[in-house]
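# Residue-level structure breakdown
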Amino acid sequence: MICNLCPRKCNAQRTEHAGNGFCQMGTLPVVARVAPHFGEEPCISGKNGSGAVFFSGCTMRCVYCQNYEISAENKGITVTPAQLAECYKMLEKSGVHNINLITADHFVPAVVESFKIYKPNIPIVYNCSGYTSPKTLSMLDGLIDIYLPDFKYSYNELAVKLSSAPNYVETATAAIKEMLFQVGKPQFDKDDMMTKGVIVRNLILPSHTKNSIGVINILKEHFDKDILVSLMCQYVPAGKAEDYPRLNRKLTEREYDKVKRELFLSGMDGFTQDLSSADTKYIPSWDL
């Protein structure tokens, strides 16, 4: 296929097992882990976990990526849409609250095909970087119940420097508008588990509180009460962070409090983490 799935519009040639686009992946999904995951927001992980499917490769190259082994080094195994559907069945039988597709933008056609084979009877979560094409998201309309995008940057210059992602702000804003159009405002069941809606995440970077405050302001301006906001303080230096002195440390309590205060003042609803979440023990093992 000639691929223009992501905002980069590489016009890349992709076969089933190889590709010359930015993601460097073929069209068949490469999966690094399939297992219950307990590190999401409480309304996603709940007591039984979220049924996570971690896809390898990525449409971004964040220098600090905590999943660098799979996002940049492409660790994982290739599966067919039918095998992907079997993964959903296995997770659903284990009792998880939902199926959580993590970083699947570059495999969307295969994901759509997998749901034609088997569509679980629990909510489907689409967990992505926010650097996502609305046109590609439209392929998922009616298939996804909960969108869980990042909104990483409020400055395009920073997005280019740290993630090689031009026009990130405009792209992420447009993507979230499409997500909101598809699934609407947050909805919950009797156990306070999310069944529909959008949660937008921002990972606060050390020495970059101004960036996160800018993200809050953008989300307030465009979405306000229509979404939930999740502020994450789980950053630990990973990937190539040691080459960036300002990123080569954990977040301080003062930095985190500064950004949390802005979220509270904004009046938007959402989630915050405890600083103890900044620990490498919470990074999954890529053991398939």
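Quick note: structure is the one above.
Residues numbered from 1 in each chain as written. Predicted model: local features only at pLDDT ≥ 70, side-chain atom pairs only at ≥ 80, totals over all residues. Heavy atoms only, no water.

When you go through the protein chain residue by residue, the secondary structure sums to nine helices and 12 strands. Considered along the principal axes of its C-alpha atoms, the protein chain spans approximately 50 × 45 × 35 Å. Relative to its full complement of 288 residues, the protein chain shows a buried share of 56%. Nonlocal contacts in the protein chain, meaning residues at least 24 apart in sequence, comprise 71% of its contacts between residues at least 6 apart. Distance from the positive charge centre (31 side chains) to the negative charge centre (31 side chains) of the protein chain: 2 Å. (Helix = DSSP H or I, 4+ residues; strand = E, 2+ residues; numbered from the N terminus. Buried < 20%, exposed > 50% of the residue type's maximum accessible area, 1.4 Å probe, protein only. Contact = heavy atoms within 4.5 Å. Lys, Arg positive; Asp, Glu negative; His and termini not counted. Charge placed at Lys NZ, Arg CZ, Asp CG, Glu CD.)

Our next topic: empty space enclosed by the protein. Using the criterion set out here, one finds two cavities of 30 Å³ or more in the structure. Quantified by volume, the largest cavity comes out at close to 100 Å³. In terms of lining residues, the largest cavity is bounded by Cys-3, Asn-4, Leu-5, Cys-6, Cys-10, Ala-12, Arg-14, Gly-21, Phe-22, Cys-23, Thr-59 and His-106. Classifying every residue of the lining of the largest cavity by side-chain character gives seven nonpolar, four polar and one charged. Put simply, the second largest cavity is a space of about 40 Å³. As for the second largest cavity, its lining consists of Tyr-64, Asp-150, Lys-152, Leu-203 and Leu-205. (1 Å grid on protein atoms, 1.4 Å probe; cavity = no way out; pocket = protein on both sides within 12 Å on 5 of 7 lines; lining within 4 Å. Points joined across faces, edges and corners; volume = space filled by probe spheres on them. Nonpolar A, V, L, I, M, F, W, Y, C, P; charged D, E, K, R; others polar.)

What follows is about the pattern of salt bridges. Inspection of the entire model under this criterion finds 13 salt bridges. For the salt bridge of Asp-257 with Lys-260, the shortest nitrogen-to-oxygen distance reads 3.7 Å. Note that Asp-257 and Lys-260 are positioned in helix H9 (residues 253-266) at a spacing of three residues, about one turn of the helix. Take Asp-257: its relative accessible area is 36%, and that puts it in the partly exposed class. Taking the shortest distance from any N to any O, the salt bridge between Glu-262 and Arg-261 comes out at 3.9 Å. For Arg-261, a relative accessible area of 52% gives the class exposed. One salt-bridge network, held together by shared partners, links Glu-40, Glu-41 and Arg-201. (Salt bridge = Lys/Arg side-chain N within 4 Å of Asp/Glu carboxyl O.)

Nothing here speaks to function; it is all geometry.
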